[in-house]
Amino acid sequence: MEKKDILSLSPGEIEEELIALGEKKFRGKQLYEWLHKKRVVSFSECTNLSAALISKLDERYFINRLTIKRKLVSAIDGTTKYLYEFSDGEKAETVMMSYNHGNSLCISTQVGCKMGCSFCASTKAGFVRNLLPSEMLLQIYESERDSGKKVESLVLMGIGEPLDNYDNVLKFLGILSSPEGTNLSLRHVSLSTCGLVEKIYDLAELKLGLTLSVSLHAPTDEKRSAIMPVNKRYGTAELIEACKYYFEKTGRRISFEFALISGVNDNAETAKELIRLLKPISPCHVNLIPVNEIKEGPYRKSENVKSFCSMLIKGGINATVRRTLGADISAACGQLRRDNI
């Protein structure tokens with residue numbers, strides 16, 4: 001019998017599994033709390049379950065695990081970067097960041113990435129597989145355990161494209177927000193996508209309350225297609241229409257990520273093009289990021305970040321420059337995994 005990954009099961013699914021084993025429905029809630037509140041690593045730790053039930057659980061299910069392969073702590077701001085190894089030996093990255101408003105965790109949703117953005121380290125080592133709901137949850141659980149810090153907001157912006165792992169990500173979000181477990185409001189979750197349009201429409205219909213963060217990085221098809229292959233499938237006009245729909249359906253303001261690359265997308269002409277593109281989707285927010293320089297890439301950080309931000313604000317677009325954290329530990333996603341394959 002192949003064992004099931006019990007951490008990837010929803011509260012309702014666990015109840016159904018235990019009923020099928022001849023147990024009362026309330027046993028499902030007890031077990032779920034052991035797994036997601038007390039975060040046990042073996043069924044033998046569930047002290048209010050009978051020995052007979054524990055034996056049945058051991059026969060049919062496993063509690064997934066991950067281990068810390070590497071851990072880097074910034075001497076500048078305390079940002080902590082974890083390289084986690086999963087049970088099959090594959091690896092992904094997680095970053096714990098502290099802000100005035102609390103602790104934020106950036107997690108990965110895939111091992112590697114298919115999207116091929118030319119400035120991103122995550123795609124350089126290739127795509128391997130999707131992460132399971134349990135593997136996304138465990139990045140939170142282990143980071144909290146190791147750091148002693150409570151995660152108050154979550155960003156799905158690590159390695160991988162979350163909407164390319166749509167079903168597992170939705171399952172993960174349901175488990176994460178369930179009152180019986182971690183009970184994190186999805187209003188404190190931001191999902192970053194390079195723009196898989198059909199999935200943006202699907203996500204809008206669910207009205208989950210999470211923030212959609214769109215990796216834009218260029219305002220025209222010509223410029224965006226040159227650095228983001230996904231734009232050849234979904235052009236900027238189509239993407240903006242999907243974003244407008246998301247805002248109309250959910251009432252949640254869209255955040256656009258814009259990595260400024262010296263000599264590529266950091267001039268006044270690009271700022272004007274960006275203003276024209278985003279005006280119809282107001283209110284929105286542009287998060288400007290100096291591009292992360294990677295060994296294999298030709299791109300360099302722009303020196304025009306502040307002036308570019310000022311141009312957007314004068315043009316009526318809400319814009320800020322992202323605070324850089326963990327600069328001394330290569331905290332940008334993908335770099336640590338790539339160096340440890």
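Please refer to the structure higher up on the page.
About the cut-offs
- Residues numbered from 1 in each chain as written.
- Predicted model: local features only at pLDDT ≥ 70, side-chain atom pairs only at ≥ 80, totals over all residues.
- Heavy atoms only, no water.
- Helix = DSSP H or I, 4+ residues; strand = E, 2+ residues; numbered from the N terminus.
- Rg over C-alpha atoms; globule rule 2.2 N^0.38 Å.
- Buried < 20%, exposed > 50% of the residue type's maximum accessible area, 1.4 Å probe, protein only.
- Contact = heavy atoms within 4.5 Å.
- Areas by Shrake-Rupley, 256 points an atom, 1.4 Å probe, with all protein chains shown as cover.
- Lys, Arg positive; Asp, Glu negative; His and termini not counted.
- Charge placed at Lys NZ, Arg CZ, Asp CG, Glu CD.
- 1 Å grid on protein atoms, 1.4 Å probe; cavity = no way out; pocket = protein on both sides within 12 Å on 5 of 7 lines; lining within 4 Å.
- Points joined across faces, edges and corners; volume = space filled by probe spheres on them.
- Phe/Tyr/Trp six-rings, centres within 6.5 Å; stacked < 30°, edge-to-face > 60°.
- Lys NZ or Arg CZ within 6 Å of the ring centre and 35° of its normal.
- Pairing = 2+ DSSP bridges.
- Axes fitted to C-alpha atoms, helices over the stretch in contact; angles between N-to-C directions.
- Expected span 1.5 Å × (residues − 1).
- Salt bridge = Lys/Arg side-chain N within 4 Å of Asp/Glu carboxyl O.
- Core = buried A, V, L, I, M, F, W, Y, C linked by side-chain atoms within 4.5 Å.

**So, the overall build of the chain**
Counting secondary structure elements, the chain contains 11 helices and 14 strands. On C-alpha atoms alone, the chain measures out to a radius of gyration of 21 Å, which is about the 20 Å that the 2.2 N^0.38 rule sets for 341 residues. Considered along the principal axes of its C-alpha atoms, the chain spans approximately 70 × 40 × 35 Å. Considering the chain as a whole, with its 341 residues, one finds that 55% of them fall into the buried category. Counting only contacts in the chain whose residues sit at least 6 apart along the sequence, the fraction spanning at least 24 positions is 67%. For the chain, the accessible area works out to roughly 14,800 Å², and carbon and sulfur atoms hold 49% of it. Separation between the mean location of the 47 positive side-chain charges and that of the 42 negative ones in the chain comes to 3 Å.

**Digging into the layout of surface pockets**
Roughly 230 Å³ of volume is contained in the second largest pocket. Every residue lining the second largest pocket is counted, 14 residues in all, and those nearest its centre are Arg39, Val41, Leu138, Tyr141 and Glu142. Of the residues forming the lining of the second largest pocket, the biggest block, 5 residues, is contributed by helix H4 (residues 133–147).

**Describing the packing of aromatic side chains**
The final tally for this structure, using the stated rule, is 3 aromatic pairs. Between Tyr82 and Tyr84, the ring centres sit 5.2 Å apart and the planes meet at 10°, which makes this aromatic pair stacked. The two residues Tyr82 and Tyr84 agree in class, both being buried. Across from the ring centre of Trp34, 3.9 Å away, lies the NZ or CZ of Lys38, which sits over that ring. Lying across the ring of Phe127, Lys114 places its NZ or CZ 4.7 Å from the centre.

**Describing the sheet that holds strand S9 (residues 153–156)**
What the 10 strands build is an open sheet, ordered S3-S4-S5-S6-S9-S10-S11-S12-S13-S14; its pairing is mixed. A single partner strand is all that each edge strand has here, and the edge strands are strand S3 (66–73) and strand S14 (318–321). The mean inter-strand angle of the sheet, taken between neighbouring strand axes irrespective of direction, is 20°. Where S3 meets strand S4 (residues 80–86), 7 bridges bridge the pair, whose relative direction is antiparallel. Each bridged residue has a counterpart across the sheet, and for Arg70 the counterpart in S4 is Leu83. Contacts from helix H8 (residues 236–250) reach strand S11 (211–215) and strand S12 (254–260), with the element oriented near 145° to S12.

**Observations regarding H4**
Here H4 contains 15 residues, and its C-alpha end-to-end distance of 22 Å stays within 8% of the 21 Å for a straight helix at 1.5 Å per residue. Where burial is concerned, most of H4 is hidden: 12 out of the 15 residues are buried. Buried residues of H4: Pro133, Ser134, Glu135, Met136, Leu137, Leu138, Gln139, Ile140, Tyr141, Glu142, Ser143 and Glu144, and no others. Gly148 sits one or two positions beyond H4 and adopts a positive phi of about 75°.

**Digging into unusual backbone geometry**
Not every positive phi belongs to a glycine, and Arg39 is a case in point at roughly 55°. Its identity as a non-glycine residue notwithstanding, Asn183 has a phi of 60°, on the positive side.

**Some remarks on the pattern of salt bridges**
All chains considered together, the criterion is met by 16 salt bridges. Salt-bridge contacts for Asp88 lead to Arg129; the nearest nitrogen and oxygen are separated by 2.8 Å. Taken as a pair, Asp88 in the loop between S4 and strand S5 (91–99) and Arg129 in strand S8 (residues 129–130) lie far apart in primary sequence, 41 residues in all. A relative accessible area of 44% places Asp88 in the partly exposed class. For Arg129, a relative accessible area of 19% puts it in the buried group. Between Arg145 and Glu142 there is a salt bridge, and its shortest N-O distance comes to 2.5 Å. Residue Arg145 and its partner Glu142 are located together in helix H4, separated by 3 residues, close to a single helical turn. The class for Arg145 is exposed, based on a relative accessible area of 54%. Judged by relative accessible area, which is 16%, Glu142 ranks as buried. It is possible to trace a salt-bridge network through shared partners that takes in Lys69, Glu85 and Lys91.

**Structural notes on the nonpolar core**
Counting residues in each nonpolar core, the largest one holds 95 residues, and the members touching the most others are Leu31, Leu154, Phe172, Phe256, Leu278 and Leu312. The element contributing the most residues to this core is helix H5 (residues 166–177), with 6 residues. One finds Val95, Met97, Cys106 and Val155 within the second-largest nonpolar core, a separate group that totals 5 residues.

**Comments concerning the pairing of S4**
By the criterion of burial, S4 is predominantly enclosed, with 6 of the 7 residues buried. Between the end of S3 and the start of S4, which pair antiparallel, lie 6 residues, with Gly78 showing a positive phi angle near 80°. One ladder, built from 6 bridges, connects S4 with S5; its direction is antiparallel. Residue pairing in the sheet places Lys81 in a bridge with Val95 of S5. Remark: 4 residues form the turn of the hairpin made by S4 and S5, two consecutive strands paired antiparallel; Gly89 in that turn has positive phi of roughly 90°.

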